[in-house]
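One letter stands for each residue in the lines below.
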Amino acid sequence: MLLNLAQKLMLNIDPESAHNITLGSLSRSANTPLQRLYQQHIPNLPVSVMGLNFPNPVGLAAGLDKDGMAIDAFYAMGFGHIEVGTVTPRPQAGNPKPRLFRIPSKHAIINRMGFNNRGVDHLVMRLIRKQSPIVVGVNIGKNRDTPLENGTLDYVHCMQKVYAHADYITVNISSPNTPGLRSLQYGDLLDHLLLTLKEHQHQLAQKTGRYVPLALKIAPDLKDAELEKIARALLQHKFDAVIATNTTLAREPVAGLKHADQAGGLSGAPLLKSATDIVSALHQHLGEEIPIIGVGGILSGEDALKKMTAGAKLIQIYSGFIYRGPQLVKDINTVISGVSSGV
Ligand SMILES: Cc1cc2nc3c(=O)[nH]c(=O)nc-3n(C[C@H](O)[C@H](O)[C@H](O)COP(=O)(O)O)c2cc1C
């Protein structure tokens, strides 16, 4: 009840302030008696993906806790995993504000945050301090002012820094808010990036005696032929997973509504169909060889089920969590466990 009230209050103030206040409160209350306010028990629904064991298939998508400030709080809410980041080698401020907009009537968000984060060294410090056993993925990117031709070096730098502290690492080449980033999804640039990162993964695994899986996060705005090429590259380079999808540049589903013309990526309910179609198409190309993590537009347990029916082994939420809070984690798990037990 108190939590519902806080949630409603937050939806009525400026989105970025609400975000910062919430994350700060979660960070301070985790591992204290106040944690009871949002703690919830989620029955075990174990799933093994990328060689990792997840207590349930619902994860927090990247971008909400970019600097790993509240990892233990999200564990207390019952998330099966959390993806922190996107983190870049050097801290950066991101785009000028305002850069985050809600479209409540559609349960949607438009953002052009631009990888605002405190840099990889700060994130590593936060990962060392976490107390809970939650599975943590670290989503890595490039600094805005790193020329695209040197982008691979930024990914390698982040990967080397976080390797010992991550359960898996996500290579984000699909944010629409870093100029040129999405061009890494195509042709030689993609090939070179995947090849280089797999080589470094191999070296790091030998050095540390621990294999940390690599996932690629892609955009929903890809044509069939482009998606097929990405799938082929993933198979060729033996990537460990693919995350589909990031936010979309499309605006038709929110056309005419307040904020619809803001630049950036659209997420939330209007993304569900196109992001799920990408999961289906990927599943056709990849079969069971490379697991798919489905994200985009999940606002209910039924939406999550659509992703899993399309071929996703795990799912992640961001916008749905903003509109529905921790209850959504519970709802999704209830629906999924009902289906797996044949209820
Ligand atoms: C405000 C905001 C910031 C985001 N930042 C990142 C990010 O830093 N890295 C990333 O890979 N995805 C980022 N995303 C994309 C989400 O992880 C997710 O892929 C997308 O929002 C679709 O899921 P949803 O419809 O459940 O929100 C961000 C999304 C939002 C709304």
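Notes on the structure follow.

Along the backbone of the protein chain there are eleven helices and 13 strands. Scaling as 2.2 N^0.38, a compact globule of 343 residues should have a C-alpha radius of gyration of about 20 Å, and the protein chain matches this with 19 Å. For the protein chain, the spread of C-alpha atoms along the three principal axes comes to 50 × 45 × 45 Å. In the protein chain, buried positions account for 59% of the 343 residues. For the protein chain, long-range pairs separated by at least 24 residues make up 73% of all intrachain contacts whose partners lie at least 6 apart in sequence. Averaged over its 34 positive side-chain charges, the protein chain has a centre that lies 7 Å from the centre of its 27 negative ones.

A full pass over the atoms with the stated rule returns three aromatic pairs. Here the aromatic rings of Phe74 and Phe79 are separated by 6.0 Å at their centres, their planes lie at 75 degrees, and the arrangement is edge-to-face. Across this residue pair, the class does not change: Phe74 and Phe79 are buried.

Here the focus is helix H7 (residues 224-236). Because an α-helix completes one turn every 3.6 residues, residues spaced three or four positions apart along the sequence face the same direction. With 13 residues, H7 extends 18 Å between its outermost C-alpha atoms, agreeing within 8% with the 18 Å of an ideal straight helix rising 1.5 Å per residue. Of the residues making up H7, those classed as buried are Leu227, Ile230, Ala231, Ala233 and Leu234. One face of H7 carries all of its buried residues, which in axial projection span an arc of 160 degrees. Facing away from the buried side of H7, by more than 90 degrees, are the exposed residues Lys229, Arg232 and Gln236. Where the residues of H7 are buried, they touch helix H6 (187-208), strand E9 (214-218), strand E10 (241-244) and helix H8 (272-286). Lys238 occupies a position one or two residues after H7 and carries a positive phi of about 55 degrees.

Here we take up the site of the ligand. Near the ligand lie 23 residues; those nearest to it are Ala62, Thr86, Gly268, Gly297 and Ser319. Within the side chain of Asn139, a nitrogen or oxygen atom sits 3.0 Å from an oxygen atom of the ligand. For the ligand, an oxygen atom lies 2.8 Å from a polar atom in the side chain of Lys217. Calculation on the ligand without its partners gives an accessible area of 610 Å², and the protein chains cover 98% of this total. Here the shell around the ligand is composed, by residue class, of eight nonpolar, 13 polar and two charged.

Take the sheet that holds strand E3 (residues 58-60) next. Reading around the circumference, E3-E4-E7-E8-E9-E10-E12-E13 is the order of the eight strands in this closed barrel, with parallel pairing throughout. Each strand axis lies, on average, 25 degrees off the axis of its neighbour in the sheet, ignoring direction. Strands in contact with helix H5 (residues 151-162) are strand E4 (81-87), strand E7 (135-140), strand E8 (168-172) and E9; relative to E7, the strand with the most contacts, it is inclined by about 160 degrees. The strands touched by helix H9 (residues 301-310) are strand E12 (292-295) and strand E13 (312-317); relative to E13, the strand with the most contacts, the crossing angle is about 145 degrees.

Once that is clear, we can look at the packing of H7 against H8. Pairs of packed helices are described in terms of their axes, by the angle between the two and the distance that separates them. Interaxial distance between H7 and H8 falls to 10 Å at its minimum, and their mutual angle equals 50 degrees. The pairing of H7 with H8 is recorded here as oblique in orientation. Crossing angle aside, the handedness with which H7 passes H8 is right-handed. Here Leu227, Glu228, Ala231 and Leu235 of H7 come into contact with H8, specifically with Ile278, Ala281, Leu282, His285 and Leu286.

In spatial order, the strands read E5-E6-E11; together these three strands make up an open sheet with antiparallel pairing. Only two strands of the sheet have a single neighbouring strand rather than two, namely strand E5 (100-103) and strand E11 (265-268). For this sheet, the mean angle separating the axes of adjacent strands, direction not counted, is 25 degrees. Bridging between strand E6 (residues 108-111) and E11 involves four bridges; their strand directions are antiparallel. Bridge pairing in E11 links Ile109 to Ser267.

Here we come to the nonpolar core. Core analysis: the largest hydrophobic core is formed by 78 residues, its most contacted members being Phe74, Phe79, Val138, Leu216, Ile218, Leu282 and Ile317. When residues in this core are grouped by element, the largest group, six residues, is from H6. Core analysis: the next-biggest nonpolar cluster, separate from the first, contains 14 residues, Val47, Leu52, Ala61 and Ala215 among them.

Our focus in this paragraph is the packing of helix H4 (residues 120-129) against H5. Relative to each other, H4 and H5 sit at 20 degrees, their axes nearing to 10 Å. As judged from the angle between their axes, H4 and H5 are roughly parallel. You can see that H4 and H5 cross each other, and the crossing is right-handed. On the side of H4, the interface is formed by Val120, Asp121 and Val124, while H5 contributes His157, Cys158, Lys161 and Val162. Grouping the amino acids of the contact of H4 with H5 by side-chain chemistry returns four nonpolar, one polar and two charged.

Reading the values: the criteria
- Residues numbered from 1 in each chain as written.
- Predicted model: local features only at pLDDT ≥ 70, side-chain atom pairs only at ≥ 80, totals over all residues.
- Heavy atoms only, no water.
- Helix = DSSP H or I, 4+ residues; strand = E, 2+ residues; numbered from the N terminus.
- Rg over C-alpha atoms; globule rule 2.2 N^0.38 Å.
- Buried < 20%, exposed > 50% of the residue type's maximum accessible area, 1.4 Å probe, protein only.
- Contact = heavy atoms within 4.5 Å.
- Lys, Arg positive; Asp, Glu negative; His and termini not counted.
- Charge placed at Lys NZ, Arg CZ, Asp CG, Glu CD.
- Phe/Tyr/Trp six-rings, centres within 6.5 Å; stacked < 30°, edge-to-face > 60°.
- Expected span 1.5 Å × (residues − 1).
- Arc of directions from axis to C-beta.
- Near = heavy atom within 4 Å.
- Polar contact = N/O pair within 3.5 Å; in protein donor to acceptor, adjacent residues only side chain to side chain.
- Areas by Shrake-Rupley, 256 points an atom, 1.4 Å probe, with all protein chains shown as cover.
- Nonpolar A, V, L, I, M, F, W, Y, C, P; charged D, E, K, R; others polar.
- Pairing = 2+ DSSP bridges.
- Axes fitted to C-alpha atoms, helices over the stretch in contact; angles between N-to-C directions.
- Parallel < 35°, antiparallel > 145°, perpendicular 65-115°, else oblique.
- Left-handed = near helix turned anticlockwise from the far one by under 90°.
- Core = buried A, V, L, I, M, F, W, Y, C linked by side-chain atoms within 4.5 Å.

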